[in-house]
Amino acid sequence: MSATVIPMAPGETLLGHGHQFQHDRLPFFRRVAGTGDLVSARMLHRTLYFVNTPAVAHEMLVEKARCFEKSPGIRILLHDLAGQGLFTSEGELWRRQRRLLSPLFHPTQLQTYVGAMNGEALRARERMQDGARVDLASEMTRIAMSVVGRALFDARTFDEADELGEALTVALGWVNDRLATPYMAIQIAALEMTENLDGKLPAWLEDVRARVRAALDAPILMPGRHDPDVKRALDVLDKRIQGMIDDRRANPEDRNDLLTRLLYARDADLGGEGMSDKQVRDEANTLFIAGHETTATALAWSFYLLSRDPAARAKVQAEADAFGPDGPTSYDPEKLAYTTRVFKEALRLYPPVVVLPRRAIEPVVLGGHSFADRTIFFVNVYGMHLRPDCHADPDRFDPDRFTPENEAKRPKSSWLPFGVGPRVCIGNHFAMMEGPVVLATLMRGLSFDVDPRDVEPETFATLRPKGGVWARVRRRDA
Ligand code: HEM
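The rules behind these values
- Residues numbered from 1 in each chain as written.
- Predicted model: local features only at pLDDT ≥ 70, side-chain atom pairs only at ≥ 80, totals over all residues.
- Heavy atoms only, no water.
- Near = heavy atom within 4 Å.
- Polar contact = N/O pair within 3.5 Å; in protein donor to acceptor, adjacent residues only side chain to side chain.
- Helix = DSSP H or I, 4+ residues; strand = E, 2+ residues; numbered from the N terminus.
- Nonpolar A, V, L, I, M, F, W, Y, C, P; charged D, E, K, R; others polar.
- Axes fitted to C-alpha atoms, helices over the stretch in contact; angles between N-to-C directions.
- Parallel < 35°, antiparallel > 145°, perpendicular 65-115°, else oblique.
- Contact = heavy atoms within 4.5 Å.
- Core = buried A, V, L, I, M, F, W, Y, C linked by side-chain atoms within 4.5 Å.
- Buried < 20%, exposed > 50% of the residue type's maximum accessible area, 1.4 Å probe, protein only.
- Pairing = 2+ DSSP bridges.
- Salt bridge = Lys/Arg side-chain N within 4 Å of Asp/Glu carboxyl O.
- Left-handed = near helix turned anticlockwise from the far one by under 90°.
- Phe/Tyr/Trp six-rings, centres within 6.5 Å; stacked < 30°, edge-to-face > 60°.
- pLDDT = per-residue confidence, 0-100.

1. Focus: the site of the ligand
Logical step 1: Of all residues adjacent to the ligand, which total 24 residues, the nearest are W94, R98, R358, R423 and C425.
Logical step 2: Residue A290 places a main-chain N or O atom 3.4 Å away from a nitrogen atom belonging to the ligand.
Logical step 3: For the shell around the ligand, the elements supplying multiple residues, two or more each, are helix 6 (91–101), helix 14 (277–290), helix 15 (293–307), strand 5 (355–360) and helix 20 (428–445).
Logical step 4: Residue classes in the shell around the ligand are distributed as 16 nonpolar, 4 polar and 4 charged.

2. Quick word on the packing of helix 15 against helix 17 (residues 337–349)
A pair of packed helices can be characterised by two numbers: the angle between their axes and the separation between those axes.
Logical step 1: Running from N to C, helix 15 and helix 17 cross one another at 105°; their axes reach a closest spacing of 9 Å. When the axes of helix 15 and helix 17 are compared, the pair comes out roughly perpendicular. Of helix 17, the residues touching helix 15 (which contributes T295, A298, L299, W301, S302, L305 and L306) are V342, F343, A346, L347 and L349.
Logical step 2: Class assignment of the residues belonging to the contact of helix 15 with helix 17 gives a composition of 10 nonpolar, 2 polar and no charged.

3. Overview of the nonpolar core
Logical step 1: By size, the foremost hydrophobic cluster in this structure holds 119 residues, and its most contacted members are F50, L81, L136, M140, F153, L442 and F448.
Logical step 2: Looking at which element gives the most residues to this core, the answer is helix 8 (residues 136–153), with 11 residues.
Logical step 3: Other than its neighbours up to four places away in sequence, L136 contacts F303, F448, V450, V469 and A471.
Logical step 4: With 22 residues, the next largest nonpolar core counts L61, F371, V381 and L416 among its residues.

4. Thoughts on the sheet that holds strand 9 (residues 446–450)
Logical step 1: What the 3 strands build is an open sheet, ordered 4-12-9; its pairing is antiparallel. Both outer strands of the open sheet, strand 4 (133–135) and strand 9, are each paired with one neighbouring strand and no more. Here the average twist between neighbouring strands, direction ignored, is 40°.
Logical step 2: The sheet contact formed by strand 9 and strand 12 (residues 470–475) spans 5 bridges and is antiparallel. The residue bridging D449 from the neighbouring strand is R472, located in strand 12.
Logical step 3: Contacts from helix 20 reach strand 9 and strand 12, with the element oriented near 95° to strand 9.

5. Details of the environment of S330
Logical step 1: Looking at the secondary structure, you find S330 in the loop between helix 16 (310–321) and helix 17.
Logical step 2: Between the alpha carbons of S330 and T112 there is a distance of 9.1 Å; along the sequence they are 218 residues apart.

6. Overview of the pairing of strand 12
Logical step 1: Across the two faces of strand 12 the burial differs, with A471, V473 and R475 buried and W470, R472 and R474 not buried at all.
Logical step 2: As defined by bridge partners, strand 4 adjoins strand 12 across 3 bridges and the pair is classed as antiparallel. Bridging across to strand 12, R133 finds its partner in R472.

7. Some details on the pattern of salt bridges
Logical step 1: For the structure shown, the criterion picks out 41 salt bridges.
Logical step 2: E59 serves as the salt-bridge partner of K64, at 2.7 Å between the closest nitrogen and oxygen.
Logical step 3: A salt bridge links R232 to D229; its shortest N-O distance comes to 3.3 Å. Of this pair, R232 and D229 both sit in helix 12 (residues 228–250), 3 residues apart, which is roughly one turn of that helix.
Logical step 4: Here the salt bridges share partners, and the residues they tie into one network are R46, E69, E192, E195, R213, D217, R359 and R374.

8. A look at the packing of helix 16 against helix 17
Logical step 1: Running from N to C, helix 16 and helix 17 cross one another at 135°; their axes reach a closest spacing of 8 Å. It follows from the interaxial angle that helix 16 and helix 17 lie oblique. Read as a crossing pair, helix 16 and helix 17 show a hand that is left-handed. Contact residues: A312, K315, V316 and E319 in helix 16; A337, Y338, T339 and V342 in helix 17.
Logical step 2: Along the lines of polarity and charge, the residues of the contact of helix 16 with helix 17 split into 5 nonpolar, 1 polar and 2 charged.

9. Let's talk about the packing of aromatic side chains
Logical step 1: For the coordinates displayed, the defined rule picks out 15 aromatic pairs.
Logical step 2: Geometrically, the ring pair formed by Y49 and F371 is edge-to-face, given 4.8 Å between the ring centres and 70° between the ring planes. One end of the pair, Y49, is in strand 2 (residues 46–51); the other, F371, is in strand 7 (residues 369–371), and 322 residues separate them in sequence.
Logical step 3: Under the relative-accessibility criterion, Y49 is labelled buried at 17%.
Logical step 4: A residue is classified by how much of its surface remains accessible, and F371, at 7% relative accessible area, is buried.

10. A look at helix 3 (residues 54–63)
Logical step 1: Here helix 3 lies mainly inside the structure; 7 of its 10 residues are buried.
Logical step 2: Along helix 3, the positions that sit buried rather than exposed are P54, V56, A57, H58, E59, M60 and L61.

11. Here's the deal with the pairing of strand 2
Logical step 1: Counting buried positions along strand 2 gives 5 out of 6 residues, so the element sits mostly inside the fold.
Logical step 2: Pairing geometry for strand 1 (residues 38–43) and strand 2, over 6 bridges, is antiparallel. Its bridge partner being in strand 2, A41 is matched across the sheet by L48.
Logical step 3: Here strand 1 hands over to strand 2 after 2 residues, with L44 in that stretch at a positive phi of 50°.
Logical step 4: Looking at chain direction, strand 2 and strand 8 (residues 376–380) are connected through 4 bridges and run parallel. When the bridges of strand 8 are listed, F50 appears paired with F378.

12. What to know about the confidence of the model for the protein chain
Logical step 1: Of the residues in the protein chain, 97% have a pLDDT of 70 or more, and the chain-wide mean is 90.
Logical step 2: Mean pLDDT per element in the protein chain: helix 9 (residues 158–178) is the minimum at 77, and helix 17 is the maximum at 98.

See below:
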C-alpha cells in the first residue's frame, strides 16, 4: 500500500470546495489535475477524489470496473426521462442491455446512418442563407438532434422526431438546471442515509426503509418536477414513442431504424427474450439524449478552433472539396483523415463530458491507496486533457497529435472524451463518423466567418461554448 498522502485540492474553505465546484469549475478541475495523480476535495461533510492520470483512470475504468457504479446523481436526475436506460442502469440489467444494444452500434452497422448525417447537414446548408448571421452552436444542436432522431425513428417520421426534439429540450432543461445544486446534494445524502441503515433496523422498520430508499431513486426532493411544462414534455415523449413502438410491432418489416432494431433485439442468453416496451422507451430516450448534445458541442468547438487556425481550416476545406457537391454521402475514413483529427482535437480541448463520476460498490485499492465502499470519484477528463505530461503544450490546437504515429506514442487512456472500459460510450463510432461527415458536408457548400471574439467554455450537461459561436455565412456557390 502507498505510504504517500493524497493531497487536498487547493483553495479549501470551511465549506470545502463547493464554491469552486459550482462557480469556478473548469479552472478548478485544471488546478486539481496539476496537484497530483489522485487528489481529494471536500463537499460539505463529504470527501471525494479526483483521478488525474491515465494510469489510475485505466485502473479504475478498465481493470477494476466491476468495483464501481456510476454516481447516483445523474441516475436520479434522469429517472423520469431515461429511467433504466443504458446510461443510468447498473448490474445485470445494464449488462444485458449493453449486450443487446452493442451490435446496433458496431462500426459495420453505421454506414446505414451516413445518409442521415449527410442529409441533415445538407438540410442545414439549405436553411442558411448567404450573408446570414447564425449561431453555429444552435445550428449544430439542430443537426445532431435531427440525425439521431432520424437514426432512431426513420426519415419518414421526421416531423415526429422534431416534435420529440422540442419535448426533449424542455425535459433536459429541467435536468440541467438541477445539476450541481444543493437539492442534488440533499437528495444524495438522503439516499445514502437509507443505504447506511440497511441491515441495522428492526424488521418492522426495514420495510419502510426499503420503500424510502426506492423512492429516492426518483428526483422527489427536486423542485419543479411536476411543473406543467415538464409533465407535458415527458408525456409527449412517452406517448409518441409508444405510438411508434405500436406501429412497428404491427408492421415489423416496414422500417430499418434503431427503434425497430431495439424492438427486435433478442438476448440469446435469456432464451431469445426481448425488451419490454418501457425498456425500449427508456433506451430510445437515452439514445436521443446522449446522442445529440455531445456531438453538437464538439462540432461547434471544431468550427471555433478552425476559425483561429487558417492553415488547419484550409486542410479541412481541401478534404471537403475532394467530394462531390453534396459532400460525403458514404463514409470513407481515409478521405476524412484530417477532418477527423480536427474533431478529435476539439474533443481533447473541449471534452463535452468533463468528468466521469463513479462510486465504489466495495472497498477498493486504487493508485496504491485503499478506499472505503461508497467513496465517490471523478475521473478528471478535462484536467487530464490539459496536463502537459499527457499532451505536450496542451493549450495549443494541434490536430496532428492524432496522426496514427503520434497516437501510438501517447499514454493509454490519456484521451478520454468517450470514457474507456465496459461503460465506454456506445455511440463513439457513430459520433466519430457524424462529426467529420457533418463538418465536410457543411464546408463543401458554405464558408463561415466566425466572430473573432474569444469564446469561453461553460459547463452545463456538456461543455458548451458560452454565448454560442456566431458566424456570417457565405454560400460558396453564391
Ligand atoms: C462526441 C460525442 C459523444 C461524446 C463526447 C460522448 C461521451 C460519452 C461519455 C463520456 C459516456 C460515459 C462514459 C462513462 O461514464 O464512463 C457516454 C456514454 C454513453 N453514450 Fe456517448 N458520447 C457521444 C456521442 C454519443 C452518441 C452519438 C450516442 C448514441 C447515438 C451516445 C450514446 C451513449 C450511451 C447510450 C452511453 C451509455 C453507455 C453505457 O453506460 O453502457 N453517445 N458517452
